[in-house]
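Here's the letter readout for the chains.
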Amino acid sequence: MRYANLTGWGHGLPPSILTNDDLSTFLETSDEWIVQRTGMQERRISHVSAIEMATLASHRALACAGLEADALELIVYGSCSPDEQVPNSASGVQVALGAKRAAAMDVNTACTSFLYGLASATAMIQQGMVRNALVIGVEYISPFMDWSNRNVAVLFGDGAAAVVLEASDTPGGVIGTVLGCDAEARQTLRVRGMGCSYVDGGLTYGDTLWDFDGQAIFKRAVHGMSEACARVMREAGVTADDIDLVVPHQANLRIIESVAKYAGVPMERVMVTVHRYGNMSAATVPVSLVDALSEGRIKPGSLLLMPGFGGGLTFGALLVRWGDRVTPLGTSDATLPPVTASALEMVNAIRARQADRGRSVEALMNTRFIETLLTPAATP
Ligand code: ACO
């Protein structure tokens, strides 16, 4: 039996911090409401592209694994906020790393993109298709955010992290996988305009409308992740007592607490980072994993449970057996370019751009775009 052990890890977080008080300067909200309802205190806003954050995380993960970029055989880029649809973003990381021999693919299952990517890369290594893989979870949400909508604007942040998988005969890596999709509720989380470039119609990059039924998502998130956790543990023959650390998707502290309760794991054995980064969608699980390692919360041989939930509504839970090494083999000196603007200044710049051209968006999005093209102009 061939396994895919996790041998490298690193994150690529932008330094600029947007606090709840910053959000209160332009939204009818408060630090008290956000902390009480979500557990979030701050989140990061990026001054660089998603590919640049992902590349930083990748350099660090490769150095941690002691693997040269030109030995990489697969790059999986998990994200729902690609810089462009074509070319794919994995190829952008590939060229930035100089990983000439690697296959490169994007995976978009929204917040679960990293978990789906990790499961896919593991299966490809186990099948012998590749001997190693870099799996990235990255999100650059701030340019796509509807900053006038307090229901969503307070919840999300930017960031990236990556892990390296390497083929091994030693049991480890992903040892249990449950993936699914609650597609009947796919319209409860929908970002209209994301990834589109309808310049002539008045809708351009970054003009989005968020359809977001927070309470419905909340219930389905708890249900989907709890079912997935129960099933993956049952199928692997392990119980809650065997789980050393839960590293869950970080959408809301109350969701995490409910999932932990249903899984039967006390909060002392749950990694929580939602207070410092908000919901970074695909990046939350790998960033939390990297933080757990640097905080010494993962020991050699630890058993990790990783549940996630996201737009689609996709869900999943992975069981990961950690290997012998919990310290990096090496470090990278890669960095992001410096930034002088504050997070609030960057958000205000995005808001100004959206205000300039966003007025026509709602009208446009309430019709099917194709209809606006096909309807003959009214004759005077
Ligand atoms: N500040 C102040 N008040 C607000 C804010 C805000 N930012 N947002 C909403 N409110 C108001 C609402 O308008 C409402 O007011 P009303 O009672 O006068 O109508 C009141 O607060 C309560 O709103 P609810 O939606 O009932 O608040 P709830 O406790 O459900 O919390 C939240 C909302 C945080 C979005 C929660 O439902 C949630 O976390 N949902 C799931 C998370 C999620 O959807 N994440 C997105 C990605 S999917 C994923 O990652 C799993």
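Residues numbered from 1 in each chain as written. Predicted model: local features only at pLDDT ≥ 70, side-chain atom pairs only at ≥ 80, totals over all residues. Heavy atoms only, no water.

Another aspect to go through is helix α5 (residues 113–126). It helps to recall that an α-helix has 3.6 residues per turn; residues three or four apart then point in one direction. Between its terminal C-alpha atoms α5 stretches 20 Å, which fits the 20 Å expected from 14 residues at 1.5 Å a residue. Of all 14 residues in α5, 11 are buried; the element is thus mostly enclosed. Within α5, the full set of buried residues consists of S113, F114, L115, Y116, G117, L118, A119, A121, T122, M124 and I125. Directly after α5, the chain includes G128, whose backbone phi takes a positive value near 85°. (Helix = DSSP H or I, 4+ residues; strand = E, 2+ residues; numbered from the N terminus. Expected span 1.5 Å × (residues − 1). Buried < 20%, exposed > 50% of the residue type's maximum accessible area, 1.4 Å probe, protein only.)

Here we come to the pairing of strand β1 (residues 3–11). For β1, a buried count of 9 out of 9 residues is recorded, marking the element as mostly surrounded by other parts of the structure. Here 8 bridges tie β1 to strand β7 (residues 159–168), and the two strands are oriented antiparallel to one another. Bridge pairing in β7 links Y3 to S168. (Pairing = 2+ DSSP bridges.)

Right, let's talk about the pattern of salt bridges for a bit. Counting across every chain of the model gives 7 salt bridges. E73 is paired through a salt bridge with R131; the nearest N and O atoms lie 2.6 Å apart. With E73 in the loop between α3 (50–65) and β4 (74–78) and R131 in the loop between α5 and β6 (132–139), this pair connects stretches of sequence that are 58 residues apart. Close ionic contact of D211 with R190 constitutes a salt bridge, the shortest N to O distance being 3.8 Å. Placement of the pair is D211 in strand β10 (residues 209–212) and R190 in strand β9 (residues 189–192), with a sequence separation of 21 residues. Look at R190 and you get partly exposed, because its relative accessible area is 37%. (Salt bridge = Lys/Arg side-chain N within 4 Å of Asp/Glu carboxyl O.)

Cis geometry is adopted by the peptide bond preceding P87, which originates at V86 and carries an omega value of 0°. For P87, the position within the fold is in the loop between β4 and α4 (89–97). The omega torsion across G312 and L313 is -5°, close enough to zero to call that bond cis. Take L313: it is sitting in the loop between β12 (303–310) and β13 (314–321). Phi at A110 takes a positive value of approximately 60°, unusual for a residue other than glycine. Along the chain, the position of A110 falls in the loop between β5 (103–107) and α5. Judged by its relative accessible area of 12%, A110 falls in the buried class. Even without glycine at this site, S281 takes up a positive phi of about 50°. Among the structural elements, S281 can be located in the loop between α9 (274–277) and α10 (284–294). What makes S281 buried here is its relative accessible area of 3%.

In this section: the confidence of the model for the protein chain. Chain-level pLDDT for the protein chain is 91 on average; 90% of the residues reach the 70-or-more range. Across residues 196–203 the pLDDT falls below 50, and counting only partners more than four positions away or on other chains, this stretch makes 16 contacts in the model. The low-confidence segment residues 359–374, where pLDDT is below 50, has 18 contacts with residues more than four positions distant or belonging to other chains. (pLDDT = per-residue confidence, 0-100. Contact = heavy atoms within 4.5 Å.)

A word on the environment of S30. Take S30: it is sitting in the loop between α1 (20–24) and α2 (31–38). Note: C-alpha distance between S30 and V154 (124 residues apart in sequence) is 9.8 Å. Separated by 3.0 Å, the side chain of S30 and the backbone nitrogen of W33 make a polar contact. (Polar contact = N/O pair within 3.5 Å; in protein donor to acceptor, adjacent residues only side chain to side chain.)

With that out of the way, let us pick up the side chain of N279. Tracing the backbone shows N279 in the loop between α9 and α10. The exposure class assigned to N279 is buried, which follows from its relative accessible area of 5%. Here the side chain of N279 touches S281 through a polar contact of 2.7 Å, landing on its backbone nitrogen. With near-sequence residues (within four places) excluded, N279 lies in contact with M40, C111, I141, L155, F156, G157, H249, Q250, A251 and T284.

What follows deals with the site of the ligand. Contacts to the ligand come from 24 residues, most closely from T29, R37, Q215, H249 and N252. Here W33 contributes a side-chain N or O atom positioned 3.2 Å from an oxygen atom of the ligand. R37 has a polar side-chain atom sitting 2.8 Å from an oxygen atom of the ligand. The fraction of the free accessible surface of the ligand (1,000 Å²) that becomes covered by protein chains is 76%. The set of elements that each furnish at least two residues to the shell around the ligand consists of α2, α6 (150–153), α7 (214–236) and α8 (253–263). Broken down by element, the shell around the ligand gets its largest block of residues, 4 residues, from α7. Looking at the shell around the ligand residue by residue, the class counts come to 12 nonpolar, 8 polar and 4 charged. (Near = heavy atom within 4 Å. Areas by Shrake-Rupley, 256 points an atom, 1.4 Å probe, with all protein chains shown as cover. Nonpolar A, V, L, I, M, F, W, Y, C, P; charged D, E, K, R; others polar.)

Bringing the packing of α3 against α4 into the picture now. Across the interface, α3 lies against α4 with an axial gap of 9 Å and an inter-helix angle of 55°. Taken together, the axes of α3 and α4 are oblique relative to one another. The way α3 lies across α4 gives a crossing that is right-handed. Together, I51, A54, T55, S58, H59 and L62 of α3 and S89, G92, V93, A96 and L97 of α4 make up the contact between the two elements. Of the residues belonging to the contact of α3 with α4, the class tally is 6 nonpolar, 5 polar and no charged. (Axes fitted to C-alpha atoms, helices over the stretch in contact; angles between N-to-C directions. Parallel < 35°, antiparallel > 145°, perpendicular 65-115°, else oblique. Left-handed = near helix turned anticlockwise from the far one by under 90°.)

With that settled, consider the pairing of β6. Counting buried residues along β6, 8 of its 8 residues qualify, which places the element largely inside the surrounding structure. Residues N132, L134, I136 and V138 line one face of β6 and the alternating positions A133, V135, G137 and E139 line the opposite face, and both faces are buried. Two strands pair when backbone bridges link them, and β4 and β6 are joined in this way by 4 bridges, in the parallel orientation. Bridge pairing in β6 places G78 opposite G137.

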